[in-house]
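Structural features, examined
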Amino acid sequence: MKSIRAQLLGWLLPGFVVVCVAAILSVYFSAEKATEADLDARLARVAGAARLALRNQAATGPIGTRAPGLRAFLAKEEFQSPGQYFQLWDAEGTPERRSPNLNGADLPRPAAFTRDAVRYDGLLTNGDRVRLSAMQYPQSGGHPPLAFAVALSRVEGDAQLSQLLSDLILGGVACCAVLCLLLVLALRFALRPLAHVGEQAAAMGTASLHERFAVEALPDEIRPIVARLNDLMARLEEGFERERRFSGYLAHELRTPLAAIRSTSEVALKWPEQASSADHAEIAQLAARLQQTVDGLLVLAQAETLSTEIVREEMALRPLVEECVALHAERAREREVTLTAQLDAAAGLQTDARLLTIIVTNLIANAVEHAPPRSEVTIACHAADRLFEVINAAPSLTAEDVPHLFERLWRKDAARSDESHAGLGLSLAQSCAQALGLTLTAELTAELDASGLLTVSVTSPQK
Amino acid sequence: MRLLLVEDSAPLRQPVVKALKASGYAVDATGDGAEGWEMTKDHDYDVIILDIMLPGMDGHELLRRMRAAGNETPVLFLTAKDAIAERVAGLRLGADDYLTKSFAIDELLARVEALGRRKYARRSPHLVVGDLELDQAAKTVRRRGCQIPLPPQLFALLEYLLLRKGQVVSRTEIEEHIYDELVSPMSNVVDTAVCALRRAIAITDQSAPLIHTRRGMGYVILEPK
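Now for a look at the structure at hand. Being a predicted model, the structure only gives us computed values, none of them experimental.

What counts as what
Residues numbered from 1 in each chain as written. Chains lettered and ligands numbered in written order. Predicted model: local features only at pLDDT ≥ 70, side-chain atom pairs only at ≥ 80, totals over all residues. Heavy atoms only, no water. Phe/Tyr/Trp six-rings, centres within 6.5 Å; stacked < 30°, edge-to-face > 60°. Buried < 20%, exposed > 50% of the residue type's maximum accessible area, 1.4 Å probe, protein only. Contact = heavy atoms within 4.5 Å. Buried area = accessible area lost by both parts, 1.4 Å probe. Salt bridge = Lys/Arg side-chain N within 4 Å of Asp/Glu carboxyl O. Polar contact = N/O pair within 3.5 Å; in protein donor to acceptor, adjacent residues only side chain to side chain. Helix = DSSP H or I, 4+ residues; strand = E, 2+ residues; numbered from the N terminus. Nonpolar A, V, L, I, M, F, W, Y, C, P; charged D, E, K, R; others polar. Patch = residues over 30% accessible without salt bridge, like charges linked within 9 Å, V, L, I, M, F, W, Y side chains within 5 Å. Areas by Shrake-Rupley, 256 points an atom, 1.4 Å probe, with all protein chains shown as cover.

On to the packing of aromatic side chains, then. All names here are of chain A. Applying the stated rule across the entire model yields six aromatic pairs over all chains. Taken together, a centroid distance of 5.5 Å and an interplanar angle of 70 degrees make the contact between Y28 and F29 edge-to-face. The buried category is assigned to Y28, whose relative accessible area is 16%. Residue F29 is classed as partly exposed on the basis of its relative accessible area of 48%. Members of the aromatic cluster, joined through ring pairs, are F73, F79, F86 and F148.

Shown next as structure tokens:
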């Protein structure tokens, strides 16, 4: 696709030329019409003067007696040199008088003389193009009417029109050139913000994702696009930040046990007399923990890509939840946490049993691990939009923590001191929920004693 | 020298403590940042090894408080965070060194040793008095070319006296720097150790005495006259 600049120039430049040509032609033809009208008006005045000259004399006899009115008329300076002509014919059409500047030549005659003036164009023998006005002149006393014609040269008018035409063409070309220049400059100026946005976008990298395009300085037309770009940048920055956090968590999650394994091994090698079977047991335990983290990440990666392997079947929720609750009952007892189940027998949906089990068991495990001792975890399933929910007290959780709950390896304890889990349970549950088209949400509500109550729920658009 | 290790991961803390003790250091260890802060106020450590992400109080805050309180003990950050920004933040707060997990135990020991020398404004690992020479890096003691095998605590005692050569070192200071918090302050462990050290470094009857007692004040190691 052409650039906006090229497209605008492609349309506007020919447009300017067409407009200029139309304006030139319009001006020229108007001027030609005005010149013609002016010529006819002058011709009418000359014809009127000729009629007056003919009226001011008596037709007393044959040719040569029409004096002195006509003689005085023809003695005028205008009839001495080319430009204005006169000729008089008698009733038989024989030339009776002609202006001296005709040098004996005749003016072109009309097809017929009438009492009203007839106007027409003609060419004299001296090459002068003229405009003529011819008419009959009735005589009193029973004499037959005379006929006369006056002519005015077109040379001066034609020269003025030619000059006007050349002036208009020159002016039009100059006007087109100036308009084109202005157009190019205006486009360059108008498109500069767009070019600036392009340069800024090209200079952006992963290290400058915090930067934003300045929307206020942009033209209204591109402001919405750049605002969307800013939104995209914000999402990118958030995504990169999430990945950075994940890398940091993963580094901590893997490096600390690796460092412990390495240190234990090196100390045992360097000071073998101090080594004991407890060191080996420690190494085995650390390796198992690493294995648990890596397995969790692998399951998470698989859950994020298994949308094509889902096998859906109609299933009841209650037996599945009861089974998962039973699995975590022992751990709940250890932590002195009471599990309360509110299970609707009618709750069910068409889904993949394996993935739904992963979701339910991880949500229950998460609640049992993080609920304070001697508190209650409520597990409920309903035959409604909100299919399943787990509610537990979360006194240390803040509203700022809630958006991070489903992040991979996120933990409330920044020191990550609790080595019994890695922080993958909720991420895994969310990935499975997404694969099944379910929505997993977390909500923190304040209790009367200002402690938080965390509700993690699974909703289905099927219901 | 007496060290403090603040590291919340017990599986890592245990082998590091073991390695440091085997290298002759007196080591106090804790997994809690707030407890570590209290320990820095109670004892004059030669080197502190500090994790950053700690329960109770993070390593950055602990270091900031130490420096604000005028505690200039060299600090080595030991952490899984290796981002440049993290390192810069730690060093700007006043940390002296930075070691990323996982690490070779020998590297940790070498860095701790270097920081220990820095505290006593020394660059060479060789400490010499008369015909006796102690190599801090090789952990060896020689007198007139003969190697003297010393158990870790006697080595640490000799090293501390040599680092303070010419200065009278009180029993309390020796207890502070050579023995960890498990040693009873009422015991005569210091006198016993000094006595044992004198015997160990006197390789012949003609060997000049190097460690002298200043009655009521402590001990001093001096060049033989």
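With that out of the way, let us pick up the interface of chain B and chain A. Chain B puts 25 residues into the contact, and the matching count from chain A is 23 residues. The three residues of chain B that bury the most area against chain A are P11(B), K18(B) and M53(B), which together make up 27% of that side's buried surface. Counting the contacts that link chain B with chain A gives two salt bridges. Among the ionic pairs, D106(B) bridges to K270(A), the shortest N-O distance being 2.8 Å. Counting every contact that joins chain B to chain A gives seven residue pairs in polar contact (both at pLDDT 80 or more). Secondary structure elements with two or more residues in the side of chain B that touches chain A: α1 (10–22) and α5 (105–119) of chain B. If you tally residues by element for the side of chain B that touches chain A, the top one is α1(B), at nine residues. Grouping the constituent residues of the side of chain B that touches chain A by class yields 15 nonpolar, five polar and five charged.

Residues and elements named next belong to chain A. Together, I4, L8, W11, L12 and L194 give the surface a local cluster of nonpolar side chains, amounting to about 500 Å² of exposed area. Here the nonpolar patch gets four residues from one element, more than from any other, and that element is helix α1 (residues 4–55). Within the fold, L12 resides in helix α1.

Turning our eyes to something else, we now look at the side chain of E407(A). On the secondary structure map, E407(A) appears in the loop between β10 (386–393) and α8 (425–436). Not counting residues within four places of it along the chain, the set of residues in contact with E407(A) comprises R242(A), R245(A), Y249(A), G423(A) and S427(A).

The subject of this paragraph is unusual backbone geometry. Here the amide bond leading from K101(B) into S102(B) is cis, since omega sits at -5 degrees, within 30 degrees of zero. Positive phi is not limited to glycine here, since E336(A) has a value of about 60 degrees. Tracing the sequence through the fold places E336(A) in the loop between α6 (317–334) and β7 (338–343). A residue is classified by how much of its surface remains accessible, and E336(A), at 44% relative accessible area, is partly exposed. Its identity is not glycine, yet R374(A) carries a phi of approximately 65 degrees, on the positive side. By the element assignment, R374(A) lies in the loop between α7 (353–370) and β9 (376–381).

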